[in-house]
Amino acid sequence: MSIQPVSKTDTNSNIGSRLASATAVGAAAGGLYTAKDSHWLYKGAPSDSFVKNVKKNLKKDMTNEELLESSKIYRFVEKIVDPTTDLETLKPLIKDSKELSEAIKINKEESVDNAINRVFSQNNESKIKQDLISLQYKTTSNKKFGKSATLRLIHDNFNAKEQKLVKNNNTTEEVFNMLKRTANKVQAKAVATGAALAGLAGCTLALIFTDIPDKS
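Throughout this description, residue numbers start from 1 for each chain and increase along the sequence as written. Only residues with pLDDT of at least 70 get local features here, since the model is predicted, and only at 80 or more are side-chain atom pairs given and counted; chain-wide, interface and lining totals rely on the full set of residues. Hydrogens are left out, water is left out, and the side-chain values use all remaining heavy atoms of the structure.

**Thoughts on helix α7 (residues 125-133)**
Here is step 1: Note on exposure labels: buried denotes an accessible area under 20% of the residue type's maximum, exposed denotes more than 50%, and partly exposed covers the range between, all computed with a 1.4 Å probe on protein chains only. Runs of E in the DSSP output that reach at least two residues are strands. Runs of H or I that reach at least four are helices, and both are numbered from the N terminus. For α7, the set of buried residues is Ile 128, Lys 129 and Leu 132. With its buried residues spanning 95 degrees around the axis, α7 presents them on a single face. In α7, the exposed positions angled more than 90 degrees off the buried face are occupied by Ser 126 and Gln 130.
Here is step 2: Each element contacted by the buried residues of α7 is listed here: α3 (64-81), α4 (90-96) and α6 (112-120).
Here is step 3: With a side-chain oxygen positioned 2.9 Å from the backbone nitrogen of Ser 126, the residue opening α7 is Asn 124. Directions are taken from the helix axis to each C-beta atom, and the arc is the one they span. Here, two residues are considered to be in contact whenever any of their heavy atoms come within 4.5 Å of each other. N or O atoms closer than or at 3.5 Å make up a polar contact, with two conditions inside protein: a donor-capable atom paired with an acceptor-capable one, and, for residues adjacent in sequence, both atoms drawn from side chains.

Here it is, written out as structure tokens:
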């Protein structure tokens, strides 16, 4: 019985099989290598990608009412620091914000109108602006998301010595679980990317070192 010669189809099939194997091995090796590192950290600190995703999740978890209130507070502060702003235009902004209306009162018994008159009746415009901008320290909605709120939350729940997230007593379980999910998501994405790049590299090397038969 004679042995049939290897056809071009068989050769191509063998090459394809070798490339697929090289890609799979490269992807597996790349994934394992990438998984060894904590990719939600960069140089011993939470990475920009992790911070960005936490910030996004904090905003996503806020209610529409909180987001609206936060925008009112930010707009109020922007108007204060604008030198062209007429102070009188700030009064309705205070009344329109639930949190600012409460923040300007020195006690619960004082009415919002009386509180506004008390602050605005001062002769020193700089002092009025100083008192008004300090109102934001008593608000909460504008501190639930944004870069400052995100960095503060991460700082309070990150143990730099152990290089891991550790729940702060002032952080709720829900928020801390969000931090852990975000870290895992950033890690998983980095591993997947590393595996894909390693697989591509493996395939490329296999092509370089594979003798492709001449079509002639």
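**As for the layout of surface pockets**
Here is step 1: Within this scheme a cavity is a closed region of a 1 Å grid, computed over the protein atoms alone, that accommodates a 1.4 Å probe without allowing it to escape, whereas a pocket is open but has protein on both sides within 12 Å along at least five of seven lines; lining residues each have an atom within 4 Å of a point. Grid points are joined across faces, edges and corners, and a volume is the space filled by probe spheres set on the points. Considered as a void within the structure, the largest pocket measures approximately 390 Å³ in volume.
Here is step 2: Contributing to the lining of the largest pocket are 18 residues, with Leu 58, Lys 143, Lys 144, Leu 153 and Val 175 lying nearest its centre.
Here is step 3: When residues of the lining of the largest pocket are traced back to their parent elements, those giving at least two are α8 (147-156) and α9 (173-208).
Here is step 4: Counting residues per element, the lining of the largest pocket draws most heavily on α8, which supplies four residues.
Here is step 5: For this classification, the nonpolar set comprises Ala, Val, Leu, Ile, Met, Phe, Trp, Tyr, Cys and Pro, the charged set comprises Asp, Glu, Lys and Arg, and every other residue, Gly included, is treated as polar. When the residues that make up the lining of the largest pocket are grouped by side-chain class, the tally is six nonpolar, five polar and seven charged.
Here is step 6: Taken together, Tyr 74, Val 77, Gln 136, Asn 142, Lys 143, Phe 145, Gly 146, Lys 147, Ser 148, Ala 149 and Arg 152 form the lining of the second largest pocket.
Here is step 7: A per-element tally of the lining of the second largest pocket places α8 first, with four residues.
Here is step 8: Here the residues of the lining of the second largest pocket sort into four nonpolar, four polar and three charged.

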